[in-house]
Amino acid sequence: MVDVSAKDETVREARAEAFVTMHPETLNMIIEGRHHKGDVFATARIAGIQAAKRTWDLIPLCHPLMLSKVEVTLSAQPEKNRVRVESCCRLQGKTGVEMEALTAASVAALTIYDMCKAVQKDMVIEQVRLLSKSGGKSGDFRAVDND
């Protein structure tokens, strides 16, 4: 792991997103709450939050972080037959939270797939990316919107 002991503590925040594309029927089942396993969005949200908190355990050389905020929002985009997952992680510390935000978005998307795979196996998880980060020595970053 990188030694961050000499770094200043700053407020650091990162946002990430992922998309799960599926058939309109699968998306409607989720939106209408007709899934036999229960509330897909609520389960995916909790999975994403838990994943962010365990990123250090999943990704080699990541620091264990004391996150002060983890938020995962899911929104149906029926016009594109997909679900958009967005995560936000924040802390006051010596290292960034980009990996935590990316992990949260990825695991939330994987949870949607897991819950819906009995209905549709050819869903696609795509465009997992960092949207923004702030704080720290390297400064701020904002992805170019291409969607």
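The rules behind the values
Residues numbered from 1 in each chain as written. Predicted model: local features only at pLDDT ≥ 70, side-chain atom pairs only at ≥ 80, totals over all residues. Heavy atoms only, no water. Pairing = 2+ DSSP bridges. Helix = DSSP H or I, 4+ residues; strand = E, 2+ residues; numbered from the N terminus. Core = buried A, V, L, I, M, F, W, Y, C linked by side-chain atoms within 4.5 Å. Buried < 20%, exposed > 50% of the residue type's maximum accessible area, 1.4 Å probe, protein only. Contact = heavy atoms within 4.5 Å. Axes fitted to C-alpha atoms, helices over the stretch in contact; angles between N-to-C directions.

Asks: What exactly am I supposed to notice about the pairing of strand β4 (residues 124-134) here?
Replies: Note on strand geometry: in a regular strand, side chains alternate between the two faces of the sheet. By the bridge criterion, eight bridges tie strand β1 (residues 10-21) to β4 in an arrangement that is antiparallel. Its bridge partner lying in β4, Thr21 is registered against Val124. Two strands pair when backbone bridges link them, and β4 and strand β5 (residues 141-142) are joined in this way by two bridges, in the antiparallel orientation. Each residue of the ladder has a partner; that of Ser132, found in β5, is Arg142. As consecutive antiparallel partners, β4 and β5 are separated by six residues, and within that stretch Gly135 has a phi angle of approximately 95°, a positive value.

Asks: Would you mind showing me how to read the nonpolar core here?
Replies: Nonpolar side chains in soluble globular proteins tend to end up buried together. Met22, Ile30, Leu74, Val83, Val85 and Ile112 are the most contacted members of the largest nonpolar core, which totals 31 residues. The set of elements that each furnish at least two residues to this core consists of β1, α1 (24-31), α2 (40-53), β2 (69-77), β3 (82-93) and α4 (98-116). Looking at this core element by element, the count peaks at nine residues for α4.

Asks: Please explain the sheet that holds β3 as it appears in this structure.
Replies: Sheet strands pair by backbone hydrogen bonding; their relative direction is either parallel or antiparallel. Taken in spatial order, the five strands of this open sheet run β2-β3-β1-β4-β5, and their pairing is antiparallel. At either end of the open sheet lies a strand with only one pairing partner, and these are β2 and β5. Along the sheet, α2 contacts β2 and β3; its crossing angle with β2, the most-contacted strand, is approximately 145°. Along the sheet, α4 contacts β1, β2, β3 and β4; its crossing angle with β1, the most-contacted strand, is approximately 25°.

Asks: Help me understand unusual backbone geometry in this model?
Replies: A negative phi angle characterises most non-glycine residues, just as the trans form characterises most peptide bonds. At Leu61, a position not held by glycine, the phi torsion is positive, near 70°. The exposure class assigned to Leu61 is exposed, which follows from its relative accessible area of 65%. One non-glycine residue, Gln127, adopts positive backbone phi at about 50°. Along the chain, Gln127 falls in strand β4. Of the residues examined, Gln127 reaches a relative accessible area of 31% and is grouped as partly exposed.

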